[in-house]
Structures are given as C-alpha cells and as structure tokens.
Amino acid sequence: MAAHFPLLHAPPSLSAKTLHFYRSKPTTPSFSSYPKRRKGLYGLSTIICSSSNGRDPNSVDSGVKSVEKLLEEKRRTELSARITSGEFTVEQSGFPSGAKKSLLKLGVPSEILEFLFSWVDAHEDCPKIPEAKGAISSIRSEAFFIPLYELFLTYGGVFRLNFGPKSFLIVSDPTIAKHILRENSKAYSKGILAEILEFVMGTGLIPADGEVWRIRRRTIVPALHQKYVAAMISLFGQATDRLCKKLDAAASDGEDVEMESLFSRLTLDIIGKAVFNYDFDSLTNDTGIVEAVYTVLREAEDRSVSPIPFWEIPIWKDISPRQKRVSAALKLINDILDDLIAICKRMVDEEELQFHEEYVNEQDPSILHFLLASGDDVSSKQLRDDLMTMLIAGHETSAAVLTWTFYLLSKEPSVVSKLQEEVDSILGDRFPTIEDMKKLKYATRVINESLRLYPQPPVLIRRSLENDVLGGYPIKRGEDIFISVWNLHRSPKLWDDVEKFKPERWPLDGPNPNETNQNFSYLPFGGGPRKCVGDMFASYETVVALAMLVRRFDFQIALGAPPVEMTTGATIHTTEGLKMTVTRRIKPPIVPTLEMPTLNADASVNLSEGDALLGQKGEVSSAHS
Ligand code: HEM
C-alpha cells in the first residue's frame, strides 16, 4: 500500500488492468483474524525469523541466518541473471536497440555494447526511458515492492514497467523523487490513490488535490502545533501502560502474544483520542465500532490491490454481502463522527477560552476541538473526511512501525541491550515526558533505522498533470508513477551495509535524519508540500511505546511461531502476525491514576530542540505559502 495506505500510501489498483496477474483475488479476513493476512495480493516475501526463540543468538540463530543469506543470495543471483538476459526487457522498435538486443543474445558482453552504442544513443532524437515488462510470472509470489527492487538494480533510478496496456514509471532515484515531491510538486496529483480512497476519505487531506487540498492543509497543520504534540505524550504513556498491563498478565500466565494485532489496537486507541476525543478502548474490548473501523480499513486495502474495480459496478454494493457490511460499517462510523462533531460544537459554544495559535482545551485536546474552536467554516462532510483520513493515516502506519521495530530487535540482542540501558537510565519507572524525548536518542535512532528498512508505506503514488522531464527522459501528462521508498532506503549506491539493522549509522549527536538533510535518499514521512502532517506526533508516539515496553519486558520470537513474512496492505504487514514470548524485566511500577486526557505539557519547554531531533517542519510552513 503505497498509502498510509498502500493506498494512503498504497499502490493503487495494481489491478486487473495492472499487476493483476501477480495474485488471485483477495478475501476479506474476518475481524477476529485481524491483522493476520492471507498471503497477499501482491504475494509475499519471506523474511524468516529464527525459531530458536532468540535464546542463543550465537548458535542456532547464526546458522539459520547464514542459510537464509545463502538462499537469498542464490535467488537474487538467478533473478538478476534473468533480468540481465533481457527476459524482462521490452523490445525497442528502433534500429539501435534492436541491434543491441540481437548482439546481446549472440553473447557480446553488455559493457562492450554499452560503449559501442553510447554514441548512437546520444544522437537519437530523444532519450528513451528504460522499459521492463510485467510478465514476471516466476516472481509473482513476492510482495510487489520486492520485484521492483530487483528491476531497479538492473534498470536504474527510473524505468517504465509495462503491464499489457497499462504502464507505470518506477522512480528510485533521490534527485527525481525530490523533483516530483518538492521542486515540481504542483505538476503531480495523487492519481489512482485518490480514486481508490474516495469511498472512505472523500476529499480528506490524503486523497485531496488542488484547491481543496491547499485549503484543508492550511487549516489542519496548525492543529498539530507543538503544545498539542507535547500534550499527547501523556496520552501515549497511558495507552502504552494499558498495553503493558495486558502483557504483564500474559507474562504471568506464560502465554505468547501476537504483537502486530496489539500494536494495531494501541495505535487505534491513541489516534481516536488524539483526533476526535473518542476512546475506542480496543485493547480491552471488541466493540461494534472497532469492528467497523477494521472492516473499512480492510476494504480500502483490498480495493487497492484488487484485480477488478468491482465496487464501481452500480448494483454491486446493494447485492454483495461484503459491500453491504462495508456500507453499514461506514454508516456507523459516520454517525459516531457526526455525534462527536455535535458534542464538540456544544463544548466550543459554551467555553470561554480565547482561541490562539497554541490553543489546547484541557478536557478535550483533540484536533477536532482545535478545528471547531478555530472557527473552521467547513461542511460536516468535509470535517468527517478529514477526521477519517487522519484516523487511518495515523493508525496503521504507527502500528506497522512498531511491529517491524520489534521484529528487527528480536534479531539484534545487542541493540536491545543498548536500548534498555538508555531507557533504564533516563526513564526509570516513570512515564515519559516531553523532556525525555530529547534524551531518548538511541531509542529515536532505532525508530529512524526501522523506518529505513520498513518504510510505511513502501511506495508513494503520483500522476503527472503535465508533460515533464524526469532524469533526462521526457514524460507525458497522465503517467502513473510509483516512487519506491523501499528502493531508495535500500539502494546500495546510497547506503553501506544496506540490509543491516544498524541504528548507529545515525550519529547520536547529529541531526535527526529527514528527507532534507539526507537529500531525498531517506523519506520516512515523504517530502515537499505533501509531507506527513503527523511526523512529530508519530515519532514521539513510537519512541514512547518502544521505551516503555523494553523498559518493562524482554521480547523474543515465540517458540514454534510461524515465520515472519511480509505482505502489502495499507502498509507492510506480516502474513501471520508477530508471535512473541514476553518476559517481565522488572515489577510493574506503581503509577498514580491519571485522568484522561491529561494536559501536562509544560509551555515553557522549548520544543525547537525536540523539533530538530524529530523532524523538520519547514515543509509544513511551505505548504502554507
Ligand atoms: C509512523 C507513522 C507515520 C508514517 C510512517 C507516516 C508517513 C506518511 C507519508 C510517507 C506521507 C506522505 C504520503 C505521500 O506523499 O503520498 C504521509 C502523509 C500524511 N500523513 Fe502520515 N505518517 C505517519 C503518521 C501519521 C499520523 C499520526 C498522522 C495524523 C495525526 C498522519 C497524517 C498524515 C496526513 C494527513 C498526510 C497527508 C498530507 C498531505 O497530503 O498533505 N500521519 N504520512
């Protein structure tokens, strides 16, 4: 999902028209199985965890690792050889490329051909973008961004991928990504992504384009001001504490836990409170509303990868039981949002508080409250679209980041030791505060590095609104483009030891890595005017959860757990969950009962340092211009 959603950030309908032959049609998993996935539409890529439970990393683990490495290398070599042989290369019609292919087939080394034909190519009227074709039958079982990576290694930073009548430009070059996302961003829209997400997000900030996007962005960004984000730290702490209590019970009972599903519930509880002051309490209950949210989320994901846009068939939604369930779920959520908007309007009417730039209502510090208090003159439908967008954008992404962080940590005990040492010395047994965010430097680097290896979403989607030139190649209006963040973050040209989980690659005393200081080689939150509005929120949220969890528990992959494999949904999911054994490190701390929401943000705290640590807001202000 190239979106928060594959969509969000999700690869759009790599549908029948596009990548449909990668996989068969999906089925919607039942809520009870959420978030366990079928081996996804785009298939899966196997990252097998050690089943040694990580208990003896030096023996079994290292043996498994080297076997995995050998298999992976063998697979890579075979695939690269096939790609290089031209199996995936589209025949160019002109003489030079035809002759080049024939000579290649006769065994003339490609280096010699490149040299001989560089002169001819230079005199062709306009350069032709490298092309690959989509009959990638033998690698159809992979998560879709994996074959894109192999093709990138052969075809370079920009190439065209053809699927029958449909084609996509795949961009994996930082300069071209910067051009599309920042320098010429006005010439690109969200394209397929907007079409797929329309049913759930309407004209919310993620799918919106043009004037609607400009106005809504200008209204929403101020709501995530520094005092608001600081106030959220206590919410993150309280929600994580609820998760700790669950884990504590599991540790006492000796039960293994499925962490992906728990992280999904943790971040749902947080985002509901943070965006519209609603307590889903999904860590404790499976209420109808929680089920409705997951029904809608799964539908959005499935649409993004469905071979046929069945939802466009006019009577389909009236006769398909699944579509009826989706409509009912949407209605339930919309009704609740309408009620919350009405309640909040009454609160705002009654309150005396003067609205100002860093306005936060102590009883209800939500984004909704800020928007209504600011006098945002907008229809309830638009407001609902925006709230729904932020709910989805801020839920799955953070859950996926935590899931893959804990997976990575399970393979690197030395990183865990360093992390626990830092957390023990800085936090002790108390809840994190805004000041701690600046001090938890190694924890922040762990999240930075996890986002490099597992960017959420792995692909950003755009469509060109006018003719342009990308990497020297002219492209036409209406091109669908995938910017592969996965490829950028794993490019051997840009990174040493690309596959190694190494938080140390980011110096502790250096700036927090972002798209600007890494010159678009690193795009954890996108870049340009459409950069994530929740970057600082999400960074603090994941650091708080990580710190509190590793402070209290040790986590290991459960004995006999299914291998941890990737599939693409809205973000990168596991196919069968992340089953872990949790062991208590210390007794649960005695903490005072805190009223929710609690606003203990200290306005005197200067966030500018934290801002430098956690992300650059330059993009946000540029979006206002
Ligand atoms: C770790 C968690 C998160 C990650 C990795 C993430 C990542 C991203 C990325 C990569 C984009 C750019 C998409 C594009 O250019 O197509 C984006 C956009 C966006 N994100 Fe996030 N995000 C996260 C959390 C959040 C949260 C917590 C919120 C809300 C509170 C949020 C709200 C949004 C919105 C509204 C946009 C669209 C902005 C626009 O188009 O103007 N995100 N996010």
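What you see is a predicted model, and the numbers here were worked out from it, not measured in a lab.

Definitions and cut-offs
Residues numbered from 1 in each chain as written. Predicted model: local features only at pLDDT ≥ 70, side-chain atom pairs only at ≥ 80, totals over all residues. Heavy atoms only, no water. Helix = DSSP H or I, 4+ residues; strand = E, 2+ residues; numbered from the N terminus. Expected span 1.5 Å × (residues − 1). Buried < 20%, exposed > 50% of the residue type's maximum accessible area, 1.4 Å probe, protein only. Pairing = 2+ DSSP bridges. Contact = heavy atoms within 4.5 Å. Axes fitted to C-alpha atoms, helices over the stretch in contact; angles between N-to-C directions. Phe/Tyr/Trp six-rings, centres within 6.5 Å; stacked < 30°, edge-to-face > 60°. Polar contact = N/O pair within 3.5 Å; in protein donor to acceptor, adjacent residues only side chain to side chain. Salt bridge = Lys/Arg side-chain N within 4 Å of Asp/Glu carboxyl O.

## Description of helix H17 (residues 441-453)
At step 1: For H17, spanning 13 residues, the distance from its first C-alpha to its last is 19 Å, which sits close to the expected 18 Å at 1.5 Å a residue.
At step 2: Within H17, 12 of the 13 residues are buried, which leaves the element mostly enclosed by the surrounding structure.
At step 3: Within the sequence span of H17, burial applies to Tyr442, Ala443, Thr444, Arg445, Val446, Ile447, Asn448, Glu449, Ser450, Leu451, Arg452 and Leu453.

## Some thoughts on the pairing of strand E7 (residues 459-464)
At step 1: Burial within E7 is extensive, with five of its six residues counted as buried.
At step 2: Where strand E5 (residues 188-189) meets E7, two bridges bridge the pair, whose relative direction is antiparallel. Each residue of the ladder has a partner; that of tyrosine 188, found in E7, is serine 464.
At step 3: As defined by bridge partners, E7 adjoins strand E10 (residues 480-484) across five bridges and the pair is classed as antiparallel. For valine 459, the partnering residue across the bridge sits in E10 and is serine 484.

## A short note on the environment of leucine 224
At step 1: The residue leucine 224 is located in the loop between helix H7 (210-220) and helix H8 (226-253) in this model.
At step 2: For leucine 224, a relative accessible area of 11% gives the class buried.
At step 3: Taking the C-alpha atoms as reference points, leucine 224 and leucine 578, separated by 354 residues in sequence, lie 32 Å from one another.
At step 4: Apart from residues no more than four positions distant in its own chain, leucine 224 is found in contact with Val229, Ile367, Val533, Gly534 and Phe537.

## Let's talk about the sheet that holds strand E3 (residues 158-163)
At step 1: If you walk across this open sheet you meet the six strands as E2-E3-E4-E10-E7-E5, and the pairing is mixed. The open sheet is flanked by strand E2 (131-133) and E5, the only strands paired with a single partner.
At step 2: Two strands pair when backbone bridges link them, and strand E4 (residues 166-171) and E10 are joined in this way by four bridges, in the parallel orientation. Bridging from a neighbouring strand, phenylalanine 168 pairs with aspartate 480 of E10.
At step 3: This element, helix H5 (residues 174-183), spans E3, E4, E5, E7 and E10 of the sheet and lies at about 125° to E10.

## A few points about the packing of aromatic side chains
At step 1: Per the counting criterion, the structure on display carries 21 aromatic pairs.
At step 2: Relative to phenylalanine 370, the ring of phenylalanine 355 has its centre 5.1 Å away and its plane inclined at 65°; by these criteria the two rings are edge-to-face. Separated by 15 residues along the polypeptide, phenylalanine 355 in the loop between helix H12 (321-350) and helix H13 (367-373) and phenylalanine 370 in helix H13 bring together distant segments of the chain.
At step 3: We classify phenylalanine 370 as buried; its relative accessible area is 6%.
At step 4: Summarising the aromatic geometry, the rings of tryptophan 495 and tyrosine 522 are spaced 6.3 Å apart at their centres and angled 70° between planes, so their arrangement reads as edge-to-face. Of this pair, tryptophan 495 sits in the loop between helix H18 (485-489) and helix H19 (535-552) while tyrosine 522 sits in the loop between H18 and H19, and the two are 27 residues apart along the sequence.

## Quick look at the side chain of glutamate 515
At step 1: Along the chain, glutamate 515 falls in the loop between H18 and H19.
At step 2: In terms of polar contacts, glutamate 515 uses its side chain to reach the side chain of lysine 531, at 3.1 Å.

## Here's the deal with helix H4 (residues 145-155)
At step 1: In terms of burial, H4 is largely enclosed, as nine of its 11 residues are buried.
At step 2: If you check which residues of H4 are buried, you get Phe145, Ile146, Pro147, Leu148, Tyr149, Glu150, Leu151, Phe152 and Tyr155.
At step 3: Downstream of H4 by one or two residues, glycine 156 has phi in the positive range, about 95°.

## A short note on the pattern of salt bridges
At step 1: All told, the structure shown has 31 salt bridges when counted by the stated rule.
At step 2: Linking aspartate 281 and arginine 242 is a salt bridge whose minimum nitrogen-to-oxygen distance equals 2.6 Å. Here aspartate 281 is found in the loop between helix H9 (259-276) and helix H10 (288-305), whereas its partner arginine 242 is found in helix H8, with 39 residues between them in sequence.
At step 3: Since its relative accessible area comes to 18%, aspartate 281 is described here as buried.
At step 4: For arginine 303, the salt bridge is made with glutamate 299, and the minimal N-O distance between the two is 2.8 Å. Highlighted residues: arginine 303 and glutamate 299, both in helix H10, separated by four residues, approximately one helical turn.
At step 5: Here the salt bridges do not stand alone but share partners, grouping Glu299, Asp302, Arg303 and Arg322 into one network.

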